[in-house]
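Read off the chains here:
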Amino acid sequence: GNSRGIQRLASVMPGVRVEFVPLPAALHTRLVSPLLPDMKVVLEAIKYRPPRYHIVSIFSGRCIDGEELTQASYWLQHDMEKPMNWADGVGELVRLGCNAFLEISHGQNLAFATRYCLAKAKTGTNQSYKWCSSFVDGIDELQNLQQVIEDLGGSS
């Protein structure tokens, strides 16, 4: 949201820590709302297929019905104002047996958030986890992807 508003709110809430994450766009805020009509046109032109794997929604924190993902309306409902339920989503992935997490976006913000959630979670196991980011500032993309493949147990 608006950083000034968030700073004002934090100033009247003692003990609340606010950390701003540097992002290239105003994601998950009403500042994206003017883009929704154009997004609708694009999303309705896409031919969707149900996923072959489980998809965990960052909004519900649970597995989502694959058929629902084939509707443009599903993607449009992400009006970018809904709060993300990242911790429950990470917990659901762990429940499904995931122990490796690959962030496919620019930067490492989600990998850091995942690490934080797993550190706070009581998984009841001694499971070790791997985190990788597909794009890291300052590192050649091809070199980084080769490292990601190695880190996840493949060969490059």
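Rules used in this analysis
- Positions within a chain are numbered from 1, following the residues in the order the chain's sequence is written.
- Thresholds applied to this predicted model are a pLDDT of at least 70 for local features of residues and 80 or more for the giving and counting of side-chain atom pairs; totals over whole chains, interfaces and linings are not thresholded and use all residues.
- For side-chain calculations, the full set of non-hydrogen atoms in the structure is used, while hydrogens and water are omitted.
- Convention adopted: a line fitted to C-alpha atoms gives each axis, helices being fitted over their contacting stretch, and angles between N-to-C directions are expressed from 0 to 180 degrees.
- Every helix listed is a DSSP run of H or I at least four residues long, and every strand listed is a run of E at least two residues long, numbered separately from the N terminus.
- Convention used here: angles under 35 degrees read as roughly parallel, angles over 145 as roughly antiparallel, angles from 65 to 115 as roughly perpendicular, and any remaining angle as oblique.
- Whether two residues are in contact is decided by their heavy atoms, any of which lying within 4.5 Å being enough.
- Residues belong to one nonpolar core when they are buried, are Ala, Val, Leu, Ile, Met, Phe, Trp, Tyr or Cys, and are joined through side-chain atoms within 4.5 Å.
- Exposed residues in this analysis have more than 50% of their type's maximum accessible area, buried residues have under 20%, and partly exposed residues fall in between, with area computed by a 1.4 Å probe over protein chains only.
- Take a side-chain nitrogen of Lys or Arg and a carboxyl oxygen of Asp or Glu: if they are within 4 Å of each other, that pair is a salt bridge.

**Student:** For the packing of helix α4 (residues 86-95) against helix α5 (residues 109-120), give the residues involved together with the corresponding values.
**Tutor:** In a pair of packed helices, the angle between the axes and the distance between the axes together describe the arrangement. Direction vectors running N to C along α4 and α5 enclose 75 degrees, while the axes themselves pass 9 Å from each other. In terms of axis orientation, α4 runs roughly perpendicular to α5. Residue-level inspection shows Trp86, Ala87, Val90 and Val94 of α4 in contact with α5, the latter providing Leu110, Ala113, Thr114, Cys117 and Leu118.

**Student:** So what about the nonpolar core? Which residues, and what values?
**Tutor:** Of all hydrophobic cores here, the largest spans six residues; its members are Val90, Val94, Phe101, Cys117, Leu118 and Tyr129. Put simply, the parts of the chain that give this core at least two residues each are α4 and α5. Look past the residues within four positions of Cys117 in its chain and what remains in contact with it is Trp86, Ala87 and Val90.

**Student:** Any details on the environment of Gly61? Residues and values, ideally.
**Tutor:** Position of Gly61 among the secondary structure elements: in the loop between α2 (36-44) and α3 (72-76). When its relative accessible area of 0% is taken as the criterion, Gly61 is described as buried. Taking the C-alpha atoms as reference, Gly61 lies 9.0 Å from Leu93; in sequence the two are 32 residues apart. Setting aside its immediate chain neighbours within four residues, Gly61 contacts Val56, Asn85, Asp88, Gly89 and Glu92.

**Student:** Run through the pattern of salt bridges, naming residues and quoting values.
**Tutor:** What the rule picks out here adds up to three salt bridges. Here Lys40 makes a salt bridge to Glu44, at a shortest N to O gap of 4.0 Å. Of this pair, Lys40 and Glu44 both sit in helix α2, four residues apart, roughly one helical turn. The class of Lys40 is partly exposed, set by a relative accessible area of 40%. As a salt-bridge pair, Glu92 and Arg95 come within 2.9 Å of each other at their nearest N and O atoms. Here Glu92 pairs with Arg95, and both are found in helix α4, just three residues apart, close to one helical turn. Residue class for Glu92 comes out buried when judged on its relative accessible area of 5%.

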